[in-house]
Amino acid sequence: MLILAMCDNSSVLNTILFIKTTINIIFVIVPLILALFLTIDIAKNVFAKDDKDNQKNIKMAIKRIIYSLAIMFIPLLVNTFMSMISDYSKVAKCYDIATEAKVKELQEQEEADYNAKKAEQDKEKEKNAKDVSKENKKAEKESKAAEKKARTSSKKESSNTKIDGNFPNKYIQAKQIAEAAGGGKNCSDGHKTNCPLGDQTGNEVKTSKWRGGWTYVLRANNPAQANKAAACMEAAVKNNNIGYGQQGFSKWHGLWDYLKARGDWDVSTVNKKVSVSCCPLVAVCLKYAGYHPSNSLNCVPVPDKMKAAVYKAGSFSQVHPGKSLNLTNIKRGDILISSHHMAMAV
């Protein structure tokens, strides 16, 4: 079977054709050359004068005749030998069909087979590409659906923290502190510089128990606005899309920039993960309450500059006696200022 398969290979058959052609040429040329030499030997013998030379020429002519006969009998000897081999008929078939026409036919067939196989492979590649494209579209669709679901879930979560629209026009006793202070262990690198967006721990924007030591306590002269600002701070604490960030100006003021672009200052409806630091969070809630703060409230290590920024935002008064204040002196909406930090009583 292997030999028959080789006979159907144009390269193999072409090689056999070359050998076949070479052998045929040899069987023609060699006897002609020997016949030429034989003629020369006979001519020498005719013109030779010495008997010794005549005998020598005759011997050479006899040898050439024998060589010619031997060459002529080589094909017969080869055929006899090949007939003793079991696969002779198969080998002989290859030898017999080795012609230029057969080689050309096989080459054309092989080229047709190659083109058909290539077309099949191209079709398979095209099918695979379509399948990949289909899978990518499916994955993209699922990703968008998941994103939409997350946004819907976030909106539902935000709706649960909706700010109460009832803001009494009187000062109310504060119970705790609301602040953005999620640095240290709450950040991914253990510091304040690499917090991911959003509240990763639920404790980056938080409420804390009362603590003293504030440099300044500032109170809004309008109690209704103070209660509105405090409600905003509480809603920011409940919305885990709002997290702590101090990775440069864009993260520091992320919440401010987002709400400003959106056109309202209701932190309860924030459905995108953003970050904010302490002073900009207070600034957002003052904006919600109807004040006009800058986006940072000058949150720098100098408490006097932070105090001046709050006064510039609207009508506030300082509560005395400052650092000696305790919770009984603190009202809801009071702004608490110390070195490096700002918070609000709620």
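Residues numbered from 1 in each chain as written. Predicted model: local features only at pLDDT ≥ 70, side-chain atom pairs only at ≥ 80, totals over all residues. Heavy atoms only, no water.

K.L.:
Explanation requested: the pairing of strand β1 (residues 177–180) in the structure shown.
P.N.:
Burial along β1 is two-sided: Ile 177 and Glu 179 facing one way and Ala 178 and Ala 180 facing the other are all buried. Bridge analysis of β1 against strand β8 (residues 341–345) gives two bridges, and the strand direction is antiparallel. Bridge pairing in β8 places Ile 177 opposite Ala 345. (Buried < 20%, exposed > 50% of the residue type's maximum accessible area, 1.4 Å probe, protein only. Helix = DSSP H or I, 4+ residues; strand = E, 2+ residues; numbered from the N terminus. Pairing = 2+ DSSP bridges.)

K.L.:
Please clarify how helix α8 (residues 254–262) should be interpreted in this entry.
P.N.:
For an α-helix, 3.6 residues make a turn, and residues three or four places apart therefore share a direction. Within α8, the full set of buried residues consists of Gly 254, Leu 255, Trp 256, Tyr 258 and Leu 259. Two residues or fewer past α8, Gly 263 is found with a positive phi of approximately 95 degrees.

K.L.:
I tried to follow the packing of helix α6 (residues 223–238) against helix α9 (residues 278–288) on my own but got confused; where do I start?
P.N.:
To characterise two packed helices, one gives the angle between the axes of the helices and the distance between these axes. Where α6 meets α9, the closest approach of the two axes is 8 Å, and the angle between their N-to-C directions is 130 degrees. Put simply, α6 runs oblique to α9. Regarding α6 and α9, the two cross each other, and that crossing is right-handed. Facing α6, whose interface residues are Lys 228, Ala 229, Cys 232, Met 233 and Ala 236, α9 presents Leu 281, Val 282, Cys 285, Leu 286 and Tyr 288. Of the residues assigned to the contact of α6 with α9, the class counts are nine nonpolar, no polar and one charged. (Axes fitted to C-alpha atoms, helices over the stretch in contact; angles between N-to-C directions. Parallel < 35°, antiparallel > 145°, perpendicular 65-115°, else oblique. Left-handed = near helix turned anticlockwise from the far one by under 90°. Contact = heavy atoms within 4.5 Å. Nonpolar A, V, L, I, M, F, W, Y, C, P; charged D, E, K, R; others polar.)

K.L.:
Looking at this structure, I do not really get the state of the cysteines. What am I missing?
P.N.:
Covalent bonding between the sulfur atoms of two cysteines is what defines a disulfide. Here the structure, examined in full by the defined rule, presents one disulfide. Note on cysteine connectivity: Cys 232 is disulfide-linked to Cys 285, with sulfurs 2.3 Å apart. Because the sign of the S-S torsion sets the handedness, a value of about -75 degrees for the bond joining Cys 232 and Cys 285 places this disulfide among the left-handed ones. Of the two residues, Cys 232 is situated in helix α6 and Cys 285 in helix α9; the sequence distance between them amounts to 53 residues. According to the relative accessible area criterion, Cys 232 is buried, its value standing at 0%. Exposure remark for Cys 285: the relative accessible area of 0% places this residue in the buried category. (Disulfide = S-S within 2.5 Å.)

K.L.:
Which parts of the structure should I look at to understand the packing of aromatic side chains?
P.N.:
Here a ring pair, both rings aromatic, is described through the centre-centre distance and the interplanar angle of the planes. For the structure on display, the rule yields two aromatic pairs. Centre to centre, the rings of Trp 256 and Trp 265 are 4.8 Å apart; their planes meet at 55 degrees, and the pair counts as tilted. Each member of the pair, Trp 256 as well as Trp 265, is classed as buried. Both rings, one in Tyr 291 and one in Phe 316, keep their centres 4.9 Å apart while their planes meet at 35 degrees; by these two values the pair is tilted. Here Tyr 291 is found in the loop between α9 and α10 (303–313), whereas its partner Phe 316 is found in strand β6 (residues 316–318), with 25 residues between them in sequence. Each member of the pair, Tyr 291 as well as Phe 316, is classed as buried. Its end group placed over the ring of Tyr 171, Arg 219 keeps NZ or CZ at 5.7 Å from the ring centre. (Phe/Tyr/Trp six-rings, centres within 6.5 Å; stacked < 30°, edge-to-face > 60°. Lys NZ or Arg CZ within 6 Å of the ring centre and 35° of its normal.)

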